[in-house]
Amino acid sequence: MEKVLAAVRVGPSKTEIRDFPMPEIPQDSALLRMEVGGICGTDVKMYATPPSKAPVIMGHENIGYIAKVGREFTRRKGFKEGDLVFVEHYVTCGQCEWCHLGQYRHCESTDWRYNPDAIRYGYTSAEKAPHLWGGFAQYMYLPWNAVVHHVPKGVTPELAGLVTPMSNGVEWSLFDGGVGYNSSVLIQGPGQQGLSQTVVCKQAGASLIIVTGTSKDRARLEVAKALGADHVIDVQKEDALARIVEITGGKGVDVVLDCSAGAGTMPILLGIEALKRKGGTMVVQGEMAEFPNFPLAKMTLKFVTLKSARGHSYKACELALQQLASRRFPLEKITTHTFGLKDVDLAIKSVGGHGVPDVIHASLMPWK
Ligand SMILES: [Zn+2]
Ligand SMILES: [Zn+2]
């Protein structure tokens, strides 16, 4: 019987290569031959501190070719064998309002926090048949309710691997932050997420883009400049707020995008100060359970709108894929590293800054 190799998270920071039976593909389903599984900061966290004890094939940013497809899947969804596709990690109910809006991340049947039977690629137990619920494997199983996008012609699988951070860039900066022509933007954190925001803001017509980082981000801040940042600031070497005040002529910025994941309360406090005097917008990833002395009075005084960054919609993915196809930015400066299946552990740790140095975006290529 044909087997599928997968890297399985079996405990905190522990991976084993296991094999699974090649699944039967019913008429309403398909099989994806994995090409690239993107690795992001969420993987770093979920690998070190898994939300459950179940064995999980991680990998939630998945690009591959449709290898087998049932007739009903093609009839309903339009995908055929050989198509290069991006699969969102949400497996939807297909019935609720959020699903009809293309806002699958809010569908309760995709969220394990509310629904113990939820299926999300990269999060769901590998004990649940047919087991292939993650991208760090040779194949992935696609049921009828998987959300699949065509990858435009001319976009390689590796470049397409950027679609998730790029679609977050579209969602957070354009849809949530309202960045557009002549906007001034502060982007905090020059990782793959902050750099993707930089590209999207530049494309949207922002007239001022400031990107901040720390001293270990020196190379990334250079990449930020190459992708369109007007100013970069090392917050450990300079007084960031004083620089922002100087750069904006005392006005402050229209929008703050916090991509500093895990850096604590400091970037949020800086963001509030850096916003213009009235009516700015701040988009945060809000990972702190507690925020002592949160300056709510100042938020009110400055009439700040605070929004929560939560993944991406269908529309954001489509725009991100078109962004990748446009070839207007040197995005190969972000896709820095590729790893094979047996190196999943090293790959995730490298994205977290504890492995191979200078990784910005890592592609897991299972056949490498
Ligand atoms: Zn991710
Ligand atoms: Zn739904």
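Above this note sits the structure.
Everything numeric here is computed off the predicted structure, so don't read it as measured data.

What counts, and where the lines are drawn
- Residues numbered from 1 in each chain as written.
- Chains lettered and ligands numbered in written order.
- Predicted model: local features only at pLDDT ≥ 70, side-chain atom pairs only at ≥ 80, totals over all residues.
- Heavy atoms only, no water.
- Helix = DSSP H or I, 4+ residues; strand = E, 2+ residues; numbered from the N terminus.
- Rg over C-alpha atoms; globule rule 2.2 N^0.38 Å.
- Buried < 20%, exposed > 50% of the residue type's maximum accessible area, 1.4 Å probe, protein only.
- Contact = heavy atoms within 4.5 Å.
- Areas by Shrake-Rupley, 256 points an atom, 1.4 Å probe, with all protein chains shown as cover.
- Core = buried A, V, L, I, M, F, W, Y, C linked by side-chain atoms within 4.5 Å.
- Donors = N, O, S within 2.8 Å, 3.2 Å for Na, K, Ca; no water.
- Tetrahedral: all angles 85-135°; square planar, octahedral: opposite > 155°, others 65-115°.
- Salt bridge = Lys/Arg side-chain N within 4 Å of Asp/Glu carboxyl O.
- Axes fitted to C-alpha atoms, helices over the stretch in contact; angles between N-to-C directions.
- Left-handed = near helix turned anticlockwise from the far one by under 90°.
- Nonpolar A, V, L, I, M, F, W, Y, C, P; charged D, E, K, R; others polar.
- Phe/Tyr/Trp six-rings, centres within 6.5 Å; stacked < 30°, edge-to-face > 60°.
- Lys NZ or Arg CZ within 6 Å of the ring centre and 35° of its normal.
- Pairing = 2+ DSSP bridges.

Draft legend 1. View of the overall build of the chain. Helix and strand content of the chain: 12 helices and 15 strands. Compactness check: the chain gives a C-alpha radius of gyration of 20 Å against a globular reference of 21 Å for 368 residues, within 12% of the reference. Taken along its principal axes, the extent of the C-alpha atoms in the chain is 70 × 40 × 40 Å. For the chain, buried positions account for 54% of its 368 residues. Restricting the contact set of the chain to residue pairs at least 6 apart, pairs at least 24 apart contribute 68%. When the accessible surface of the chain is summed, it comes to about 16,200 Å², and 52% of that surface belongs to carbon and sulfur atoms.

Draft legend 2. How the structure looks around the nonpolar core. Leu32, Ile39, Ile57, Tyr121, Phe136, Leu142 and Leu364 are the most contacted members of the largest nonpolar core, which totals 45 residues. Sorting the residues of this core by element identifies β1 (3-11), β3 (30-39), α1 (41-48), β5 (84-91), β6 (139-142), β7 (146-150), α12 (344-351) and β15 (361-364) as the ones contributing at least two each. Sort the elements by how many residues they give to this core and β3 lands first, with five residues. Among the nonpolar cores identified, the runner-up in size contains 44 residues, and Val170, Leu195, Val211 and Ile334 belong to it.

Draft legend 3. Fine view of the coordination of the zinc ion (ligand 2). Those donors, Cys93 (SG), Cys96 (SG), Cys99 (SG) and Cys107 (SG), are the protein atoms that reach the zinc ion (ligand 2), and they lie 2.3 to 2.4 Å from it. Each of the four donor atoms bound to the zinc ion (ligand 2) contributes to angles spanning 102 to 115°, and the resulting shape is tetrahedral. Between consecutive donors of the zinc ion (ligand 2), the numbers of intervening residues give the motif C-x2-C-x2-C-x7-C. One end of the pair, Cys93, is in the loop between β5 and α3 (97-100); the other, Cys107, is in the loop between α3 and β6, and 14 residues separate them in sequence. Judged by relative accessible area, Cys107 falls into the buried class, the value being 1%.

Draft legend 4. Spatial organisation of the pattern of salt bridges. Scanning the model with the defined rule gives 14 salt bridges in all. Here Arg105 makes a salt bridge to Glu171, at a shortest N to O gap of 3.3 Å. Here Arg105, found in the loop between α3 and β6, pairs with Glu171, found in helix α5 (residues 163-176); they are 66 residues apart in sequence, far enough to count as distant. With respect to burial, Arg105 and Glu171 carry one shared label: buried. Among the salt bridges present, the one from Asp217 reaches Lys216, with a minimum N-O distance of 3.5 Å.

Draft legend 5. Highlighting the coordination of the zinc ion (ligand 1). In this structure, Cys40 (SG), His60 (NE2) and Glu61 (OE) serve as the protein donors to the zinc ion (ligand 1), at separations of 2.0 to 2.2 Å. One chain supplies every donor for the zinc ion (ligand 1), spaced along it as C-x19-H-E. Of this pair, Cys40 sits in the loop between β3 and α1 while Glu61 is found in strand β4 (residues 61-69), placing the two residues 21 residues apart along the sequence. Each member of the pair, Cys40 as well as Glu61, carries the same accessibility label: buried.

Draft legend 6. Structural detail: the packing of α5 against helix α11 (residues 314-326). Relative to each other, α5 and α11 sit at 115°, their axes nearing to 8 Å. Between α5 and α11 lies a crossing whose hand is right-handed. Judged by residue contacts, Val163, Met166, Ser167, Val170, Glu171 and Phe175 of α5 engage Lys315, Ala316, Cys317, Leu319, Ala320, Leu321, Gln323 and Leu324 from α11. Class assignment for the residues of the contact of α5 with α11 results in 10 nonpolar, two polar and two charged.

Draft legend 7. Examining the packing of aromatic side chains more closely. One pass over the full model with this rule turns up five aromatic pairs. Residues Tyr104 and Tyr314 carry aromatic rings whose centres are separated by 6.5 Å and whose planes lie at 80° to one another, so their mutual orientation is edge-to-face. Here Tyr104, found in the loop between α3 and β6, pairs with Tyr314, found in helix α11; they are 210 residues apart in sequence, far enough to count as distant. By relative accessible area, which is 14% here, Tyr104 ends up buried. Between the aromatic rings of Tyr139 and Trp367, the centroid separation amounts to 5.6 Å while the plane-to-plane angle is 85°, which identifies the pairing as edge-to-face. Of this pair, Tyr139 sits in strand β6 while Trp367 sits in the segment after β15, and the two are 228 residues apart along the sequence. Using a relative accessible area of 13% as the deciding quantity, one classes Tyr139 as buried. On the basis of relative accessibility, which here comes to 35%, the residue Trp367 falls in the partly exposed class. Among the aromatic residues, those joined into a ring-pair cluster are Tyr121, Trp133 and Tyr141. The aromatic ring of Trp367 is capped on one face by Arg33, whose charged end is 4.1 Å from the ring centroid. Geometry around Tyr123 places Arg120 over its ring, the cationic atom sitting 5.9 Å from the centre.

Draft legend 8. Representation of the sheet that holds strand β13 (residues 305-308) in the model. With parallel pairing, six strands are arranged side by side in an open sheet as β10-β9-β8-β11-β12-β13. Where the open sheet ends on each side, the last strands, each with one partner, are β10 (231-234) and β13. For this sheet, the mean inter-axis angle between neighbouring strands, taken without regard to orientation, is 15°. Sheet topology note: the strand β8 (residues 184-188)/strand β9 (residues 208-213) ladder contains five bridges and is parallel. Bridging from a neighbouring strand, Leu186 pairs with Ile210 of β9.

So far we have only geometry, and geometry alone does not tell us how the molecule works.
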